[in-house]
Amino acid sequence: MTETTARATVHDDVEGMSQFNSLPRRLITVWLPLLVFIFVLLFPFYWMTITAIKPNHQLTDYKDYSPFWVVGPTLEHIKYLFFQTTYPQWLWNTMLIAFSATALSLFASVFAAYAIERIRFTGARFVGMAIFLAYLVPPSILFIPLAYIVFQLGLFDTRLALILTYPTFLIPFCTWLLMGYFRTIPYELEESALVDGATRWQILTRVILPLAVPGLISAGIFAFTLSWNEFIYALTFISTPERKTVPVGVLTELVRGDIYEWGALMAGALFGSLPVVILYSFFVDYYVSSMTGAVKE
C-alpha cells in the first residue's frame, strides 16, 4: 500500500466516523439508547423505594395520588420490617449462608481448575467440559435427590443444609471461569518455579493465586450472587421462620393469604438487593475483565 493510498484510507475512515460527531446523530445513536438503558435498569429500584416509603392509603388510591410519586413519605413500613418481623435474622442467615457457600465453592473450584488446566493429565479437556455441562443442569431437577440426602443426614431445617447444597451449582461454573483465567497465566512462570524446586502447593499459593485475584473475585461475586438470590433450595430445606433467607422470608412471611403488605415487601426487596449492588459496584472491573478472559479462552 502506497503512502497516498494509506492517507486516502485514513481520510475515508475519519470522514465515515464524522457522521457521529453531529449533535442530532449523537442524541439518536448514543444518548437516547443510554437513557433507555438507565431507565430500564434503575426504575425497579425507584419503584421499590417510593413504595417502601408510601403510606398505605396511597398504595391503592390512584385517583387522588400518582402511582409514580409519594406525598408525605413515611418510615412505618421500614420500622415494621426491622422491628416487628424477623427480617434482620433473615439478612444474617442469607449473609452467613452466602459467604460460607461461596468460600466452600471457591476452595473446591481452585483445585479443580488448577488440576485441569495446569497439570495437563489425559482427558483434562473432557473433564473440564463435563464440569461445565453439569452447570447447565437445572437446580429444580437436582433438589429432589438432594432433599432425600438432606433428610437422611438429618440436616433438614438447618443452615448447613443450604451451605452444603449450594456448591452443587456453584462449583461447576466457578471451575469453568477459573479454568479460563488460569489459562491466561504464562506456563513459563510455573516451569521456572518447578526448576527452582517449588512444589505444586507452593506454585499454587505463591505464583498462581496471587496472579488470579481478579478471577477469584469474579467467581466469588458470581457465587455470592447466586447464593444470595437462591429460592428453591431455601424454600424446600428450611421451614422455621427464623432460619429462612431473605428471598423466602419476604415472600412467605409478608404475604398472608390474599393480603400483600406491599410497603414491607418492597422495603424487604430493596434492602435485600443492596448488598449485591454494593458488591458489584466495588468489584465490577474485576468481574468484567475475568468474564471476558474466560469467555475469550
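From a predicted model like this one, the values you see are computed outputs, not experimental measurements. (Residues numbered from 1 in each chain as written. Predicted model: local features only at pLDDT ≥ 70, side-chain atom pairs only at ≥ 80, totals over all residues. Heavy atoms only, no water.)

*Asks:* Is there a simple way to explain the overall build of the protein chain in this structure?
*Replies:* Along its length, the protein chain carries 15 helices and 2 strands. Burial status across the protein chain gives 36% buried among its 297 residues. Excluding contacts between residues fewer than 6 apart, the proportion of contacts in the protein chain whose partners are at least 24 apart in sequence is 73%. (Helix = DSSP H or I, 4+ residues; strand = E, 2+ residues; numbered from the N terminus. Buried < 20%, exposed > 50% of the residue type's maximum accessible area, 1.4 Å probe, protein only. Contact = heavy atoms within 4.5 Å.)

*Asks:* Looking at this model, I keep getting lost on the side chain of lysine 54. Mind explaining?
*Replies:* Residue placement: lysine 54 occurs in the loop between helix H2 (23–52) and helix H3 (56–60). It turns out lysine 54 is buried and unbridged, and the closest side chain with the opposite charge, aspartate 61, is 11 Å from it. A polar side-chain atom of lysine 54 sits 3.2 Å from the main-chain carbonyl oxygen of proline 67. When residues no more than four places from it in sequence are discounted, the contact partners of lysine 54 are Leu59, Ser66, Pro67, Trp69, Val70, Thr74 and His77. (Lys, Arg positive; Asp, Glu negative; His and termini not counted. Salt bridge = Lys/Arg side-chain N within 4 Å of Asp/Glu carboxyl O. Polar contact = N/O pair within 3.5 Å; in protein donor to acceptor, adjacent residues only side chain to side chain.)

*Asks:* I keep staring at the packing of aromatic side chains and nothing clicks. Help me out?
*Replies:* Ring pairs (aromatic) are described by centroid distance and by the angle formed between their planes. The final tally for this structure, using the stated rule, is 20 aromatic pairs. Consider the rings of phenylalanine 82 and tyrosine 87, whose centres lie 5.4 Å apart with planes at 80°: the pair is edge-to-face. Joined through ring pairs, the aromatic side chains of Phe39, Phe43, Tyr46, Trp47 and Phe68 make up one cluster. (Phe/Tyr/Trp six-rings, centres within 6.5 Å; stacked < 30°, edge-to-face > 60°.)

*Asks:* Help me understand the side chain of threonine 51 in this model?
*Replies:* With respect to the helices, strands and loops of the structure, threonine 51 is situated in helix H2. When neighbours within four sequence positions are excluded, threonine 51 is seen to be in contact with Leu59, His77, Trp262, Gly263 and Met266.

*Asks:* I'm lost on a nonpolar patch on the surface in this one. Help?
*Replies:* A cluster of nonpolar residues, Leu27, Ile28, Val30, Trp31, Leu34, Phe37, Ile38, Leu41 and Leu42, forms a patch on the protein surface that exposes about 850 Å² of accessible area. The residue isoleucine 38 is located in helix H2 in this model. (Patch = residues over 30% accessible without salt bridge, like charges linked within 9 Å, V, L, I, M, F, W, Y side chains within 5 Å. Areas by Shrake-Rupley, 256 points an atom, 1.4 Å probe, with all protein chains shown as cover.)

*Asks:* I would appreciate a short explanation of the pattern of salt bridges in the present structure.
*Replies:* If charged atoms from side chains of opposite charge come close, those side chains can pair. Counted according to the given criterion, the structure contains 5 salt bridges. Taking the shortest distance from any N to any O, the salt bridge between glutamate 117 and arginine 183 comes out at 2.6 Å. Placement of the pair is glutamate 117 in helix H5 (residues 87–118) and arginine 183 in the loop between helix H9 (167–182) and helix H10 (187–195), with a sequence separation of 66 residues. Residue classification places arginine 183 among the partly exposed positions, given a relative accessible area of 21%. Between arginine 200 and glutamate 190 there is a salt bridge, and its shortest N-O distance comes to 2.3 Å. Residue arginine 200 is located in helix H11 (residues 200–211), and its partner glutamate 190 is located in helix H10; the two are separated by 10 residues in the primary sequence. Taking the relative accessible area as the measure of exposure, glutamate 190 reaches 3% and is therefore buried.

*Asks:* How should the packing of H9 against helix H12 (residues 213–229) be read in this particular structure?
*Replies:* Two numbers describe a pair of packed helices, the interaxial angle and the distance between the axes. Across the interface, H9 lies against H12 with an axial gap of 9 Å and an inter-helix angle of 160°. Compared by their axis directions, H9 and H12 come out roughly antiparallel. Here H9 and H12 pass one another in a crossing that is right-handed. Where H9 approaches H12, its residues Phe169, Leu170, Phe173, Cys174, Leu177, Leu178 and Tyr181 are matched on the opposing element by Pro214, Gly215, Leu216, Ser218, Ala219, Phe222, Ala223, Leu226 and Ser227. (Axes fitted to C-alpha atoms, helices over the stretch in contact; angles between N-to-C directions. Parallel < 35°, antiparallel > 145°, perpendicular 65-115°, else oblique. Left-handed = near helix turned anticlockwise from the far one by under 90°.)

*Asks:* What is the right way to look at unusual backbone geometry in this model?
*Replies:* Excluding glycine, most residues fall at negative phi; most peptide bonds, likewise, are trans. Non-glycine residue aspartate 157 carries a positive phi angle of around 65°. Checked against the element boundaries, aspartate 157 lands in the loop between helix H7 (139–152) and helix H8 (159–165).

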